[in-house]
Amino acid sequence: MAILVVSAIRLVIAARYPLTADETYYWVWSKHLAYGYTDHPPMVAWLIALTSALGNSPLAVRLPFIVCEAVAAYAAGRAAITLSDNPRAGIAATLAVLLIPQGRLAVGEALPDGPYLASWALALWCAAQLAKRPAREFALLLGIAMGGAILARFFGWALIVGIILYALAPSRRALWRQGLFAALLIAAILYAPFILWNASHNWSNIAFTFANRQPMHGFSAQRLAVVTSLRLIAFTALLWIVAYFTIIRPRYPLLGWTALPFPTVVALLSFFQTTESYYILGPLISLCVAIGIAYARQTAHWRRGLLIAGLVPAAYTVLSALFVALPETVQAQALDRSGGALKGPFFSEVFVFAPLSADVKRLSAGAPILTNRLEIASELTYHGVHSSIVGGAPQVPQWTVWYGVTLTPRALVVTFDTLTQEADLGIRLTAACARMRPGPILHYHFAGLNAATFYTTWCERPNEKAH
């Protein structure tokens with residue numbers, strides 16, 4: 001019942017909240033289906049394409065991901081029951097997954113996270129079943145789930161490594177002949193086309209994952225001043241504290257090997273590169289299973305306290321997600337009465353891209369549109385205004401293959417900042433355009449607040465140097 005209620009809330013929000021820039025970027029991928037992409041493995045694009053017959057509405061695009069999040073909650077609950085033989089642990093683990101205070105999950109956003117979490121939870125359940133009551137069907141499903149995890153996010157390898165390390169203990173080596181070896185073979189077969197795609201595309205995804213996403217630097221404690229890295233360190237520390245009481249002391253090695261090593265490695269990497277808290281969403285599923293088992297063993301008094309503690313951040317997340325799904329007039333009234341205090345946690349600029357697309361289409365009057373930002377290009381393309389990306393971003397070659405760069409007597413450049421602030425783009429345009437002249441500055445308001453500003457520039461008589 002809880003899964004149905006939360007899924008219904010996600011459906012309502014998903015239907016009313018416009019697609020974010022990341023989502024429209026993956027939507028573009030779904031129009032060019034392949035075994036891989038520069039940024040990620042292909043699962044996110046395949047899922048969006050799965051419901052393309054329903055149209056391009058936000059709900060149609062997000063529907064498979066809402067289903068994935070429901071599957072993740074269900075499978076986590078089943079894993080908890082399998083490990084503990086306690087139905088109450090299954091209910092608690094399911095609730096723990098449903099209550100993860102992550103805004104992108106509350107909205108059901110079309111991101112790699114949905115299939116990644118579903119695959120992680122399914123793999124935990126199947127691995128637990130394989131260890132307890134070996135069966136061919138669970139070996140098969142385990143292989144598919146592990147393959148799904150690594151086809152959704154590169155971080156899925158942490159799950160596979162964790163399961164392998166779990167199975168190396170002398171007391172669990174029977175798992176290899178009970179189906180684990182076959183499951184790993186299935187995962188490898190599913191992953192092979194992605195490796196072949198990389199090999200035929202100059203290993204672009206591998207290069208992006210290890211070199212371009214977050215470049216490595218020398219060791220520096222000052223790097224923790226970056227908010228995202230500091231937040232990941234804090235979350236990892238909290239994960240270890242909770243894991244001590246729910247995994248280490250009660251001795252659930254499957255959960256320990258899949259929950260703890262990867263966040264620890266990423267936390268150490270925070271001293272060398274910028275990291276993000278969403279990196280450890282997969283291990284958080286293992287922790288939710290452990291929390292569910294531990295919750296079921298508590299007295300009624302402790303269970304009420306833990307439930308309240310989990311509901312507070314979850315309620316905040318759901319309220320913020322519901323807020324952006326409200327009509328604009330209602331949002332405006334709430335923001336006005338709060339004196340703008342709600343803008344930070346609840347306000348979203350995503351509503352400006354539809355009017356921006358209409359204005360850019362009118363302003364360009366058929367001239368090519370250029371930008372250096374994937375966010376702008378993706379949103380414009382989703383709203384029916386094709387644009388080309390120029391600059392040095394790793395994704396530019398992929399986008400150029402899809403949409404090219406059309407050279408005409410003039411082109412309209414759309415940016416988030418002035419060209420003086422967009423240094424790389426400014427240099428490129430100066431070399432590529434016989435003449436540049438400023439276009440209109442586009443200001444957008446939503447719910448009574450300044451939402452976003454975009455700058456336009458006319459590039460006259462461009463040449464190939466703009467690429």
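A brief structural summary. These numbers come from a predicted model, not from an experiment. (Residues numbered from 1 in each chain as written. Predicted model: local features only at pLDDT ≥ 70, side-chain atom pairs only at ≥ 80, totals over all residues. Heavy atoms only, no water.)

1. Things to note about the state of the cysteines
Move 1: For the structure on display, the rule yields one disulfide.
Move 2: The disulfide partner of Cys 433 is Cys 459, and the gap between their sulfur atoms is 1.8 Å. Measuring handedness by torsion sign, the sulfur bridge of Cys 433 and Cys 459 sits at about -100° and is left-handed. You can see Cys 433 sitting in strand β4 (residues 433-446) and its partner Cys 459 sitting in strand β5 (residues 449-462), a full 26 residues away along the chain. Just as Cys 433 is buried, Cys 459 falls in that class too.
Move 3: Take Cys 126: it sits in no disulfide, and the sulfur closest to it among the cysteines is that of Cys 68, at 15 Å.
Move 4: A residue is classified by how much of its surface remains accessible, and Cys 126, at 0% relative accessible area, is buried.
Move 5: Residue Cys 288 stays outside any disulfide, its sulfur separated by 17 Å from that of Cys 68, the closest cysteine.
Move 6: Relative accessible area serves as the criterion here: at 4%, Cys 288 is assigned to the buried category. (Disulfide = S-S within 2.5 Å. Helix = DSSP H or I, 4+ residues; strand = E, 2+ residues; numbered from the N terminus. Buried < 20%, exposed > 50% of the residue type's maximum accessible area, 1.4 Å probe, protein only.)

2. Considering the pairing of β4
Move 1: When β4 meets β5, the two strands line up antiparallel, connected through 11 bridges. The residue of β5 that forms the bridge with Cys 433 is Pro 462.
Move 2: Here β4 hands over to β5 after two residues, with Ala 447 in that stretch at a positive phi of 55°. (Pairing = 2+ DSSP bridges.)

3. Considering helix α1 (residues 2-16)
Owing to its 3.6 residues per turn, the α-helix aligns residues three or four sequence positions apart on the same side.
Move 1: The first and last C-alpha atoms of α1 sit 22 Å apart over 15 residues, in line with the 21 Å expected at 1.5 Å per residue.
Move 2: Looking at α1, one finds that the buried residues are Ile 3, Val 6, Ser 7, Arg 10, Ile 13 and Ala 14. Seen end-on, α1 carries its buried residues on one side only, within an arc spanning 125°.
Move 3: Against the buried residues of α1 lie α4 (58-84), α5 (87-98), α6 (103-107) and α16 (300-324). (Expected span 1.5 Å × (residues − 1). Arc of directions from axis to C-beta. Contact = heavy atoms within 4.5 Å.)

4. Looking at the pairing of β5
Move 1: Note that strand β3 (residues 410-415) and β5 share six bridges and pair antiparallel. Residue pairing across strands places Ala 411 opposite Cys 459, the latter belonging to β5.

5. Concerning the nonpolar core
Move 1: Grouped together as the largest cluster of nonpolar side chains are 100 residues, with contacts concentrated most on Leu 142, Met 146 and Ile 163.
Move 2: Element by element, the count of residues in this core is highest for helix α7 (residues 113-132), at 12 residues.
Move 3: Within the second largest apolar cluster, 32 residues are counted, among which are Ala 321, Leu 335, Phe 353 and Ile 369. (Core = buried A, V, L, I, M, F, W, Y, C linked by side-chain atoms within 4.5 Å.)

6. Details of a nonpolar patch on the surface
Move 1: A cluster of nonpolar side chains, contributed by Met 1, Leu 4, Val 5, Ile 9, Leu 319 and Leu 322, occupies part of the molecular surface with about 610 Å² of accessible area.
Move 2: Secondary-structure elements contributing two or more residues to the nonpolar patch are α1 and α16.
Move 3: Looking at where Ile 9 falls in the secondary structure, it is placed in helix α1.
Move 4: Classification of Ile 9 as partly exposed rests on a relative accessible area of 32%. (Patch = residues over 30% accessible without salt bridge, like charges linked within 9 Å, V, L, I, M, F, W, Y side chains within 5 Å. Areas by Shrake-Rupley, 256 points an atom, 1.4 Å probe, with all protein chains shown as cover. Salt bridge = Lys/Arg side-chain N within 4 Å of Asp/Glu carboxyl O.)

7. A look at the packing of α7 against helix α9 (residues 156-167)
Move 1: Following both chains from N to C, one finds α7 and α9 inclined at 10°, their axes separated by 10 Å at the closest point. Put simply, α7 runs roughly parallel to α9. Each of Tyr 116, Ser 119, Trp 120, Ala 123, Ala 127 and Ala 131 in α7 lies in contact with α9, whose residues at this interface are Gly 156, Ala 158, Leu 159, Ile 163 and Tyr 166.
Move 2: When its residues are assigned to classes, the contact of α7 with α9 shows nine nonpolar, two polar and no charged. (Axes fitted to C-alpha atoms, helices over the stretch in contact; angles between N-to-C directions. Parallel < 35°, antiparallel > 145°, perpendicular 65-115°, else oblique. Nonpolar A, V, L, I, M, F, W, Y, C, P; charged D, E, K, R; others polar.)

8. Thoughts on the sheet that holds strand β2 (residues 388-389)
Move 1: As summarised here, the arrangement of the five strands in space is β2-β1-β3-β5-β4, forming an open sheet in which the pairing is mixed. Edge strands, defined here as strands with exactly one partner in the open sheet, are β2 and β4.

9. What about the side chain of Glu 109?
Move 1: Summarising the element assignment, Glu 109 is placed in the loop between α6 and α7.
Move 2: The side chain of Glu 109 is buried and forms no salt bridge, while Arg 104, the nearest opposite charge, is found at 5.5 Å.
Move 3: Sequence-distant contacts of Glu 109, defined by excluding residues within four places in its chain, comprise Tyr 17, Thr 20, Glu 23, Arg 62, Phe 65, Glu 69 and Arg 104. (Lys, Arg positive; Asp, Glu negative; His and termini not counted.)

10. Focus: the side chain of Glu 23
Move 1: Structurally, the position occupied by Glu 23 is in helix α2 (residues 21-30).
Move 2: When its relative accessible area of 0% is taken as the criterion, Glu 23 is described as buried.
Move 3: A distance of 2.7 Å separates polar atoms of two side chains, one belonging to Glu 23 and the other to Arg 62.
Move 4: Residues in contact with Glu 23, not counting those within four places in the same chain, are Pro 18, Arg 62, Glu 109, Ala 110 and Leu 111. (Polar contact = N/O pair within 3.5 Å; in protein donor to acceptor, adjacent residues only side chain to side chain.)

11. Side note on the pattern of salt bridges
Move 1: What the rule picks out here adds up to nine salt bridges.
Move 2: Measuring nitrogen to oxygen at the nearest pair gives 2.7 Å for the salt bridge that ties Lys 132 to Asp 85. With Lys 132 in helix α7 and Asp 85 in the loop between α4 and α5, the pair connects residues that are 47 residues apart, well separated along the chain.
Move 3: Among the salt bridges present, the one from Arg 435 reaches Glu 460, with a minimum N-O distance of 3.3 Å. With Arg 435 in strand β4 and Glu 460 in strand β5, the pair connects residues that are 25 residues apart, well separated along the chain.
Move 4: Arg 435 gets classed as partly exposed once you look at its relative accessible area, which sits at 46%.
Move 5: Taking the relative accessible area as the measure of exposure, Glu 460 reaches 13% and is therefore buried.

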